[in-house]
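Overview (structure and organization)
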Amino acid sequence: MSAPARSGLRRLAVLGHPVAHSRSPAMHNAALAAVGLDDSWAYEAIEVAPDGFGQRVRTMAAEGFVGANVTVPHKPAALALADGSSLRAREIGAANTLVFGGGVITAENTDAAGFVSSLPSSPAGARALVLGAGGAARAVVWALLREGAEVEVWNRTGSRATELCDALGGSPSLAPDPASFELIVNSTSIGLGGEDPFAHLPLQEDAMAPGQTVVDIVYTGQGPGPLLEAAARAGANTVDGIEILVRQGAASFELWTGLEPPLDVMRAAARSG
Ligand code: ATR
């Protein structure tokens, strides 16, 4: 259970399992302070197991919550329980943002827009290789196709890549040639537990090059992992999971408060963990 709220406080939270590692409370509370809302708004982390998720969310509005972020493993459940949702969230099949207002729960997905805005340039027309076929990969593939990229999807379990492409578009790839892509996105969980990406993914440490952009959506809080370190050594552009976290959080912040998110403040808070 979360702490009792001050009366009149507008509460926000991230719901996850696990959630203790989340940088979202630090990032959003810094943002609220920067725009002068910290005396009337507050953001907290709430640990909730899958079997208690629906019930927990349904009581939040009565406890003063006006919105929430939702992280692993609750994103599909958040979409399913909402009274209303955006077309984007329904197409991706997951919601990372909830808004409580007027007695209803509305679901949105800001992961896709957050991913696109973290890229150093528009992916329109680019050849993009997406590694993975889970929930994170779905948002990435949806976003890249919407931006006009040409998307190939590799996954350890090939049938899941085929299913993802059947649902959203893009082409499954069994043995991609990474050198032929301008954009490479790791949206597998490889790296989270310290695994060697070059042992598990169809990438070679010495085959990345300037002109490529390499994105690792995993964030461990331990700085760039071996994938982004090798990409940077090769002169490629790199985007890490913290930048994507900041961008999706900024989009959620704007949705809840109606204010322009203070990106630099959010980035500094997210990185100072
Ligand atoms: P999420 O919703 O966070 O994307 P997920 O649905 O569990 O989580 O997906 C995890 C992704 O990481 C999957 O693409 C998974 O590949 P499989 O579909 O073959 O399971 C990928 N993954 C996890 N461990 C992996 C490993 N050791 N090697 C390669 N891919 C791995």
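You'll find the structure just up there.
A brief report on the enclosed structure follows. (Residues numbered from 1 in each chain as written. Predicted model: local features only at pLDDT ≥ 70, side-chain atom pairs only at ≥ 80, totals over all residues. Heavy atoms only, no water.)

1. With respect to the overall build of the protein chain
Within the protein chain one finds eleven helices and twelve strands. For a compact globule of 273 residues, the expected C-alpha radius of gyration is about 19 Å, and the protein chain comes in at 19 Å, within 12% of that figure. Along the first, second and third principal axes, the C-alpha atoms of the protein chain reach 55 × 35 × 30 Å. Taken over 273 residues, the protein chain has a buried fraction of 48%. Here the contacts in the protein chain between residues at least 6 apart in sequence split such that 66% fall between residues at least 24 apart. Working note: accessible area of the protein chain is about 12,100 Å², and carbon and sulfur atoms make up 52% of it. (Helix = DSSP H or I, 4+ residues; strand = E, 2+ residues; numbered from the N terminus. Rg over C-alpha atoms; globule rule 2.2 N^0.38 Å. Buried < 20%, exposed > 50% of the residue type's maximum accessible area, 1.4 Å probe, protein only. Contact = heavy atoms within 4.5 Å. Areas by Shrake-Rupley, 256 points an atom, 1.4 Å probe, with all protein chains shown as cover.)

2. Side note on helix 9 (residues 226-233)
Listed as buried for helix 9 are Leu227, Leu228, Ala230 and Ala231. In a view along the axis of helix 9, the buried residues occupy a sector of 160 degrees, so they form one face of it. Check the buried side of helix 9 and you find it contacts strand 10 (183-186), helix 8 (197-200), strand 11 (213-216) and strand 12 (237-239). Positive phi appears at Gly235, one or two residues downstream of helix 9, with a value of about 90 degrees. (Arc of directions from axis to C-beta.)

3. Concerning the pattern of salt bridges
By the definition in use, this model includes twelve salt bridges. Of the charged contacts, one joins Arg247 and Glu243 as a salt bridge, the two residues approaching to 2.8 Å between their closest N and O atoms. Remark: Glu243 and Arg247 occur in helix 10 (residues 241-257); sequence separation between them is four residues, near one turn of the helix. In this structure Glu243 comes out as buried when scored by relative accessible area, which is 11%. Among the ionic pairs, Asp264 bridges to Arg267, the shortest N-O distance being 3.1 Å. With Asp264 and Arg267 both in helix 11 (residues 263-271) and three residues apart, this pair spans about one turn of that helix. A residue is classified by how much of its surface remains accessible, and Asp264, at 58% relative accessible area, is exposed. Each of Asp240, Glu243, Arg247, Asp264, Arg267 and Arg271 takes part in a single network of salt bridges with overlapping partners. (Salt bridge = Lys/Arg side-chain N within 4 Å of Asp/Glu carboxyl O.)

4. Here we look at helix 1 (residues 24-34)
Every buried residue of helix 1 is listed here: Ser24, Pro25, Met27, His28, Ala31 and Leu32. For helix 1, the angular spread of buried residues about the axis comes to 165 degrees, placing them on one side. Each element contacted by the buried residues of helix 1 is listed here: strand 1 (10-16), strand 2 (41-47), strand 3 (65-70), helix 10 and helix 11.

5. Concerning the layout of surface pockets
Considered as a void within the structure, the largest pocket measures approximately 1,300 Å³ in volume. Lining of the largest pocket is provided by 47 residues; of these, Val72, Ala136, Thr188, Leu192 and Ile217 occupy positions nearest its centre. Counting residues per element, the ones that place at least two in the lining of the largest pocket are strand 3, helix 3 (75-81), helix 5 (111-118), helix 6 (135-146) and helix 10. It is helix 6 that contributes the most residues to the lining of the largest pocket, five residues altogether. Residues belonging to the lining of the largest pocket are distributed by class as follows: 23 nonpolar, 20 polar and four charged. Lining of the second largest pocket is provided by 25 residues; of these, Thr220, Gly221, Gln222, Gly223 and Pro224 occupy positions nearest its centre. Looking at the lining of the second largest pocket residue by residue, the class counts come to ten nonpolar, ten polar and five charged. (1 Å grid on protein atoms, 1.4 Å probe; cavity = no way out; pocket = protein on both sides within 12 Å on 5 of 7 lines; lining within 4 Å. Points joined across faces, edges and corners; volume = space filled by probe spheres on them. Nonpolar A, V, L, I, M, F, W, Y, C, P; charged D, E, K, R; others polar.)

6. Some remarks on the sheet that holds strand 10
One open sheet holds the six strands; their spatial order is 9-8-7-10-11-12, and the pairing between them is parallel. The sheet is open, and its two edges are formed by strand 9 (171-172) and strand 12, each paired on a single side. As paired strands, strand 7 (residues 127-131) and strand 10 are joined by four bridges and run parallel to one another. Residue pairing in the sheet places Leu129 in a bridge with Ile184 of strand 10. Here helix 9 sits on the sheet and contacts strand 10, strand 11 and strand 12; the angle it forms with strand 11, its principal contact strand, is near 165 degrees. (Pairing = 2+ DSSP bridges. Axes fitted to C-alpha atoms, helices over the stretch in contact; angles between N-to-C directions.)

7. Structural notes on the nonpolar core
One finds Phe115, Val130, Leu144, Val151, Val153, Leu183 and Val215 to be the most contacted residues of the largest nonpolar core, which totals 27 residues. Taken together, the elements giving at least two residues each to this core come down to helix 5, strand 7, helix 6, strand 8 (150-154), helix 7 (158-168) and strand 10. Sort the elements by how many residues they give to this core and helix 6 lands first, with seven residues. Apart from the residues lying within four places of it in its own chain, the contact partners of Val153 are Val130, Gly132, Val141, Ala161, Leu164, Cys165, Ser171, Pro172 and Ser173. Among the nonpolar cores identified, the runner-up in size contains 20 residues, and Ala13, Ala78, Ala95 and Ala107 belong to it. (Core = buried A, V, L, I, M, F, W, Y, C linked by side-chain atoms within 4.5 Å.)

8. Some words on the environment of Glu182
The topology assignment puts Glu182 in the loop between strand 9 and strand 10. Between the C-alpha atom of Glu182 and that of Gly211, which follows or precedes it by 29 residues, the distance is 6.8 Å. Beyond its immediate sequence surroundings of up to four residues, Glu182 is in contact with Ala126, Arg127, Gly211, Gln212 and Thr213.

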